[in-house]
Amino acid sequence: MGKIICITGASSGIGLASALKFAHEGWTVYAGTRHPERDQELYREVEQLHFVELEVTQPESIQRVIDRIDEEHGKLDLLFCNAGFGYLRSLGQAPFADIERVFETNVYGVMHTIRAALPLLRKTGYAHIVATSSVGGLVGQPMNEIYCASKFALEGLLESMAVYYKPTFNIDITLLEPGAIATEFNKTVLGHVAETGGILEDEYKPVLDAYTSTFLKRNVEPQTAASVAEVMWDLAQMETKPLRLRTSEQADQFVARKVSTDPTGLDSVLHIRKIQLDL
Ligand SMILES: NC(=O)c1ccc[n+]([C@@H]2O[C@H](COP(=O)([O-])OP(=O)(O)OC[C@H]3O[C@@H](n4cnc5c(N)ncnc54)[C@H](OP(=O)(O)O)[C@@H]3O)[C@@H](O)[C@H]2O)c1
């Protein structure tokens, strides 16, 4: 039987590019979207690509997708928790409802997704969970503290699970860590800023201005979503799955000071597995 992947946040960007790549490679793809009719119509010529309604803040919506995959295939080889969005206001500026909204998708959304899929992933015999973190899940950045906090939370969640999921459930865990990628991501971030009062003329403005100008200089040529999809594909072929995988040389360099002694995160996982589980 062929391989099955379920991807959240597959209506655009990294999720969509990965859905197309895996479908072209012959996998059966369940591509989670909040616009299933629109997306199915756009890609109706792609075989084995099924757009399914999936809102990660609603556990029942995820469960419906998992139940369908179970009914149609009885297994799920790769769960790609990719849905997420950025947020560009400081803690001092952000209404608390905004902070909750970021965490509801970027953190609780991933928790809901893994919880719903876990029985099916275990039933599969061997499976792989990948979540899209960010270089911002390793390195805190100015005016991005809410977003970085959400991705740091994801890193803690999956790093902890990696210690015992492989020996206990035969499930590998990987955090995909992109740098700047040319997707709808920035449009969504800046759209939210524009819709909620625009750039504020306050004491954070010089920090935001400096951050924005150095960001634009550093990211003249952001990585494409298609290139990230190739990294995802290569990851799916790897015999030994890394806990952490940056998607480009530039992303690697950005976090090098933080992870130089253990770039894949696997040394640490094996160490903690030994000292805490004696495995
Ligand atoms: N682009 C970057 O520079 C960058 C860098 C590092 C990490 N990332 C991470 O990469 C992942 C994918 O982002 P992207 O760059 O591909 O941006 P994107 O083009 O904006 O794609 C984000 C996807 O997530 C979906 N989504 C957002 N909230 C959702 C929710 N509550 N339920 C279900 N789907 C939801 C969006 O659906 P709609 O179309 O319905 O909104 C869209 O399909 C995110 O986790 C992001 O944090 C991006």
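The structure under discussion appears in the preceding block.
A short tour of the structure in this document, coming up. (Residues numbered from 1 in each chain as written. Predicted model: local features only at pLDDT ≥ 70, side-chain atom pairs only at ≥ 80, totals over all residues.)

Check the secondary structure of the chain and you find ten helices and nine strands. The buried share of the chain, taken over its 279 residues, is 42%. For the chain, the proportion of contacts with a sequence separation of at least 24, taken over those separated by at least 6, is 70%. (Helix = DSSP H or I, 4+ residues; strand = E, 2+ residues; numbered from the N terminus. Buried ≥ 20, exposed ≤ 12 C-beta atoms within 10 Å, placed from the backbone. Contact = placed C-beta atoms within 7 Å.)

Our focus in this paragraph is the site of the ligand. The local shell around the ligand holds 30 residues, among which Gly 9, Gly 13, Gly 84, Glu 184 and Phe 185 are the closest. Among the secondary structure elements, those contributing two or more residues to the shell around the ligand are α1 (13-24), α4 (96-124) and α6 (185-195). Within the shell around the ligand, the residues separate by chemical class into eleven nonpolar, 16 polar and three charged. (Near = placed C-beta within 6 Å. Nonpolar A, V, L, I, M, F, W, Y, C, P; charged D, E, K, R; others polar.)

The end-to-end C-alpha distance of helix α3 (residues 59-73) is 21 Å, a good match for the 21 Å that 15 residues give at a rise of 1.5 Å each. Looking only at α3, the buried set comprises Ile 62, Val 65, Ile 66 and Ile 69. Looking straight down α3, one finds its buried side chains confined to an arc of 95°; they lie on one side. Exposed residues pointing more than 90 degrees away from the buried face of α3 are listed as Glu 60, Asp 67 and Glu 71. Those residues of α3 that are buried lie in contact with β1 (4-7), β2 (28-33), β3 (49-53) and α4. The first or second residue beyond α3 is Gly 74, which carries a positive phi of 70°. (Expected span 1.5 Å × (residues − 1). Arc of directions from axis to C-beta.)

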